[in-house]
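Residue strings, one per chain:
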Amino acid sequence: MSSAELITLSAADLAERLASGEVSSVEVTRAHLDRIADVDGDVHAFLHVSDHALEVADDIDRRRSAGERLGPVAGVPLAIKDVLVTTDMPSTSGSRILEGYLSPFDATVVARSRAAGLVPLGKTNMDEFAMGSSTEHSAYGPTRNPWDLTRIPGGSGGGSAAAVAAYEAPLALGSDTGGSIRQPAHVTGTVGVKPTYGGVSRYGAIALASSLDQVGPVTRTVLDAGLLHDVIGGHDHHDSTSLTDAWPSFAEAAREGARGDVLKGLRIGVVKELPDSGFQPGVSASFHAALTALEAHGAQIVEISAPHFEYGVAAYYLILPAEASSNLAKFDSVRFGMRVTPHAGATVEEVMAATRDAGFGDEVKRRIILGTYALSAGYYDAYYGSAQKVRTLIQRDFADAFAAVDVIATPSAPTTAFRLGEKIDDPLQMYLNDVTTIPANLAGVPGISIPSGLADDDGLPVGIQFLAPAREDARLYRVGAALEALLVDAWGGPLLARAPKLGEVR
Ligand code: GLN
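Just so you know, these numbers come straight off a predicted model, no measurement behind them.

Thresholds, definitions, all that
Residues numbered from 1 in each chain as written. Predicted model: local features only at pLDDT ≥ 70, side-chain atom pairs only at ≥ 80, totals over all residues. Heavy atoms only, no water. Helix = DSSP H or I, 4+ residues; strand = E, 2+ residues; numbered from the N terminus. Buried < 20%, exposed > 50% of the residue type's maximum accessible area, 1.4 Å probe, protein only. Lys, Arg positive; Asp, Glu negative; His and termini not counted. Salt bridge = Lys/Arg side-chain N within 4 Å of Asp/Glu carboxyl O. Contact = heavy atoms within 4.5 Å. Near = heavy atom within 4 Å. Polar contact = N/O pair within 3.5 Å; in protein donor to acceptor, adjacent residues only side chain to side chain. Areas by Shrake-Rupley, 256 points an atom, 1.4 Å probe, with all protein chains shown as cover. Phe/Tyr/Trp six-rings, centres within 6.5 Å; stacked < 30°, edge-to-face > 60°. Lys NZ or Arg CZ within 6 Å of the ring centre and 35° of its normal.

Engineer: For this particular structure, what's the right way to read the side chain of aspartate 397?
Structural biologist: Residue position: aspartate 397 is located in helix H14 (residues 381–404). Look at aspartate 397: it is buried, it has no salt bridge, and the nearest opposite charge is arginine 396 at 8.3 Å. Not counting chain neighbours up to four residues away, the residues in contact with aspartate 397 comprise Ala306, Pro307, His308 and Phe309.

Engineer: What is the right way to read the site of the ligand from this model?
Structural biologist: Near the ligand there are 16 residues, and of these Thr177, Gly178, Ser180, Tyr316 and Arg367 occur at the shortest range. Glycine 179 is positioned with one of its backbone polar atoms (N or O) 3.2 Å from an oxygen atom of the ligand. For the ligand, a nitrogen atom lies 2.9 Å from a polar atom in the side chain of aspartate 434. When the ligand is considered free in solution it has 300 Å² of accessible area, and contact with the protein chains removes 100% of it.

Engineer: Whenever I open this one, the environment of tryptophan 491 confuses me. Can you help?
Structural biologist: Checked against the element boundaries, tryptophan 491 lands in helix H17 (residues 473–491). Between the alpha carbons of tryptophan 491 and glycine 453 there is a distance of 8.7 Å; along the sequence they are 38 residues apart. Contact partners of tryptophan 491, with chain neighbours within four places excluded, come to Pro451, Ser452, Gly453 and Arg498.

Engineer: Is there a simple way to explain the packing of aromatic side chains in this structure?
Structural biologist: Any aromatic ring pair is given by two values, namely how distant the centres are and how the planes are angled relative to each other. According to the stated counting rule, one finds 15 aromatic pairs in the structure shown. Relative to phenylalanine 336, the ring of tyrosine 101 has its centre 5.8 Å away and its plane inclined at 70°; by these criteria the two rings are edge-to-face. Here tyrosine 101 is found in the loop between strand E2 (77–81) and helix H5 (108–115), whereas its partner phenylalanine 336 is found in the loop between helix H11 (312–327) and helix H12 (348–359), with 235 residues between them in sequence. Residue tyrosine 101 is classed as buried on the basis of its relative accessible area, which comes to 17%. Judged by centre distance (5.9 Å) and plane angle (75°), the ring pair of phenylalanine 129 and phenylalanine 360 falls under edge-to-face. On the criterion of sequence distance, the pair formed by phenylalanine 129 in the loop between strand E3 (119–124) and helix H6 (158–165) and phenylalanine 360 in the loop between H12 and helix H13 (362–375) is long-range, its members being 231 residues apart. For phenylalanine 129, a relative accessible area of 1% translates into the label buried. The ring of phenylalanine 418 has lysine 423 lying over it, and the distance from NZ or CZ to the ring centre is 4.4 Å.

So, to be careful, I would describe these as geometric facts and stop short of saying anything about function.
Below, the structure is given as structure tokens:
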């Protein structure tokens, strides 16, 4: 099998060929490393490429030939968002302040991936400390969207999404605090899942906002997302918010969705307060076309009311900075990473201030200032307190909606990939890009974004998001796989096959 073929196969297909001995993990891993060498100069999805991926792959091959029973995805390469700490590669969370930082332990999701035989290829680029929707806030330069290198790949996990979209990795890990898995999936024509809060361990995920953060899969197919979710999910005693549920197999749920009749009678809620007017016409058109396809296959589209969703962005941009200002206090020049001594005999406060000034970028500073202000004694009730009340109202909107429908559908973001530089100086416009993804984080419910097509106004990918009640992640895999199967059928192949060839776009 040629390298060109190997890099376009899904993880599920690779896993089958690895299990049958048709290909080796070394061949598969080498094909991806070669692809990274070919295209990552343009895409810049990776901050670090592993020096020992081939050794790891070789070890898997040997164990397989020695007759060891390996997990279902053993030997498949994996890209890891740099927010997740790793012992063998630096973990910077996209920040200067952690440049070169080596963790003494692996994040639980990384440890589980290694134990499952996945082969870490490297660490992917991201907005600094996962703050952003474009990956332009990375201290190491932006990632570019493989569909059009002048455009953003989404954020904060633009590196993971671009790596998967550019065939540099079949699987990637992301984190989603307000949409950082789902919005990059939307703009790159890939699949992203934000699990139920507590469904996947956050241990070793460098915290942005602890009550919102979730780690999840970034892939090209719904089945691949399920396979990766099965590897990383489940209880972890290192994370006090980790749920103890016995989760079903999400890969099995995806397989069921792809072959079964799950759409018959499925009640899909559409939020009436999310007006088409706030959305790019091509995004709305793609969304409505997907709903029509779902309806044609027996689903019922039900208008629901979620009157507080529109306050989600405002509440989130108080709660997130509040939690982030506290979480980022640990980067104090004493315990982690960079230390700047402004002059001989500087006091510890002067060293801390100089280090944080040099180590943090503008967006991080903006949010620390916002969060510190929102938590300060005189303003706590007016800002943080009010935001928490809005959060409760959004949770109630979800509870009411899910009494009437099985899933909620929205466009995954209001626009397609915008141009690099377009919103970087306008934080509010950047924040408004998260309008449809944020409610899920505020309520802790799971969400999936899958490609719904290309926008008819600019030809760029669009995603549809499904949301389900907490703990019902499997429902998202069933519905997502069912819609994916019909769309891929209608398109005559996956959406990504229509992306311009890298090397031909500039
Ligand atoms: N775009 C959102 C933000 O800037 C989402 C971030 C995330 O999910 N990590 O906060």
